[in-house]
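In case you want the letters, here they are:
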Amino acid sequence: MSVNHFDATTGRPRFNDNDAPDIKVDPDAASEYAADVGNRIVRANLAALDAYAFKRQGLAGHALDTGQDYLHNGTGWIPTVRDSGWVAVTFQNSWTNAAVGEECEIRLLNGVVYMKGRPALGSAGAAFTLPVGWRPKSVIRALPPTGAGTTTTQVTINTGGTVVLVSGGQPYLGAITPFPADG
């Protein structure tokens, strides 16, 4: 049986059961099953996904050029894995990186903020500020180990995004438990 037409809304294939040979298949059941198990399309890139005529909420898509998976929300394609990659922090108040190879960086991966690196003590105040959408929903206080490995330095991450380090060492930010972002 070949496809006689496609449903204008869902793109489901439709079959007329009067075509020869009649194999006693319920055409609606067959097309609904195919549409349910085939709820993902693969195209060369995001533009090709966007050009697909039967986009609908809940449709999954994959762009071959980037390897990125998307989910259609009814109006556009949303990446299903959101990863900023590691981003260098912008220090404030004379804070710097403690050493080469221990640069302070932050990452937003699927709504969770990760930190790494070791800052060198600057003057009082915030060492850096997290971008909007990367900030915690409540104040976080941590005591990560320092470069000496035996002492700790209090790190406070405020809901406004400021990361404040109290003097006492050069804390390993990677020891701070990753936290959900407010955005």
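Rules of the game
- Residues numbered from 1 in each chain as written.
- Predicted model: local features only at pLDDT ≥ 70, side-chain atom pairs only at ≥ 80, totals over all residues.
- Heavy atoms only, no water.
- Helix = DSSP H or I, 4+ residues; strand = E, 2+ residues; numbered from the N terminus.
- Buried < 20%, exposed > 50% of the residue type's maximum accessible area, 1.4 Å probe, protein only.
- Areas by Shrake-Rupley, 256 points an atom, 1.4 Å probe, with all protein chains shown as cover.
- Phe/Tyr/Trp six-rings, centres within 6.5 Å; stacked < 30°, edge-to-face > 60°.
- Lys NZ or Arg CZ within 6 Å of the ring centre and 35° of its normal.
- Polar contact = N/O pair within 3.5 Å; in protein donor to acceptor, adjacent residues only side chain to side chain.
- Contact = heavy atoms within 4.5 Å.
- Salt bridge = Lys/Arg side-chain N within 4 Å of Asp/Glu carboxyl O.
- Pairing = 2+ DSSP bridges.
- Axes fitted to C-alpha atoms, helices over the stretch in contact; angles between N-to-C directions.

K.L.:
Honestly, the overall build of the chain in this entry has me stumped. Any pointers?
P.N.:
A tally of helices and strands in the chain yields two helices and 16 strands. Relative to its 183 residues, the chain shows a buried fraction of 31%. As presented, the chain carries roughly 10,200 Å² of accessible surface, and 53% of it is formed by carbon and sulfur atoms.

K.L.:
What's the story with the packing of aromatic side chains in this structure? I'm lost.
P.N.:
For the structure shown, the criterion picks out two aromatic pairs. Note on Tyr52 and Phe54: the rings are 5.8 Å apart at their centroids and 75° apart in plane angle, and the pair reads as edge-to-face. Relative accessible area serves as the criterion here: at 19%, Tyr52 is assigned to the buried category. For Phe54, a relative accessible area of 21% gives the class partly exposed. Between Phe91 and Phe128 the ring centres are 6.2 Å apart and the planes differ by 85°, which places this aromatic pair in the edge-to-face class. Here Phe91 is found in the loop between β7 (87-88) and β8 (96-97), whereas its partner Phe128 is found in strand β12 (residues 126-129), with 37 residues between them in sequence. Exposure remark for Phe91: the relative accessible area of 22% places this residue in the partly exposed category. The buried category is assigned to Phe128, whose relative accessible area is 1%. Stacked on the ring of Trp86, the Lys or Arg Lys116 has its end atom at 4.5 Å from the ring centre.

K.L.:
Hey, could you run me through the side chain of Arg135 in this one?
P.N.:
Position of Arg135 relative to the elements: it lies in the loop between β12 and β13 (140-142). Of the polar contacts made by the side chain of Arg135, one reaches the backbone oxygen of Leu130; its length is 2.8 Å. Those residues in contact with Arg135, other than ones at most four positions away along the chain, are Thr129, Leu130, Thr159, Gly160, Gly161, Phe179, Pro180, Ala181 and Asp182.

K.L.:
Help me understand the pattern of salt bridges, please; the structure alone is not making it clear to me.
P.N.:
Close approach of charged atoms allows side chains with opposite charge to pair. Using the criterion set out here, one finds four salt bridges in the structure. Across the pair Asp69 and Arg40 runs a salt bridge whose closest N-O atoms are separated by 3.1 Å. Of this pair, Asp69 sits in strand β5 (residues 68-72) while Arg40 sits in strand β3 (residues 40-43); the two residues are 29 residues apart in sequence, bridging distant segments of the chain. In this structure, Asp83 and Arg107 form a salt bridge, with 2.6 Å as the shortest nitrogen-oxygen distance. With Asp83 in the loop between β6 (77-79) and β7 and Arg107 in strand β9 (residues 105-109), the pair connects residues that are 24 residues apart, well separated along the chain.

K.L.:
Looking at this structure, I do not really get the side chain of Glu102. What am I missing?
P.N.:
Within the secondary structure, Glu102 is located in the loop between β8 and β9. A distance of 2.5 Å separates a polar atom in the side chain of Glu102 from a polar atom in the side chain of Arg118. With near-sequence residues (within four places) excluded, Glu102 lies in contact with Asn97, Gly117, Arg118 and Tyr172.

K.L.:
Explanation requested: the sheet that holds β13 in the structure shown.
P.N.:
Within a sheet, each strand pairs with its neighbour through backbone hydrogen bonds, oriented either parallel or antiparallel. Sheet architecture is open: four strands sit in the order β12-β15-β14-β13, paired in antiparallel fashion. Both outer strands of the open sheet, β12 and β13, are each paired with one neighbouring strand and no more. Each strand of the sheet is rotated relative to its neighbour by a mean of 15°, with strand direction disregarded. Examined bridge by bridge, strand β14 (residues 155-157) and strand β15 (residues 162-165) share three bridges and lie antiparallel to one another. The partner of Val155 across the bridge, within β15, is Leu165.

So, to be careful, I would describe these as geometric facts and stop short of saying anything about function.
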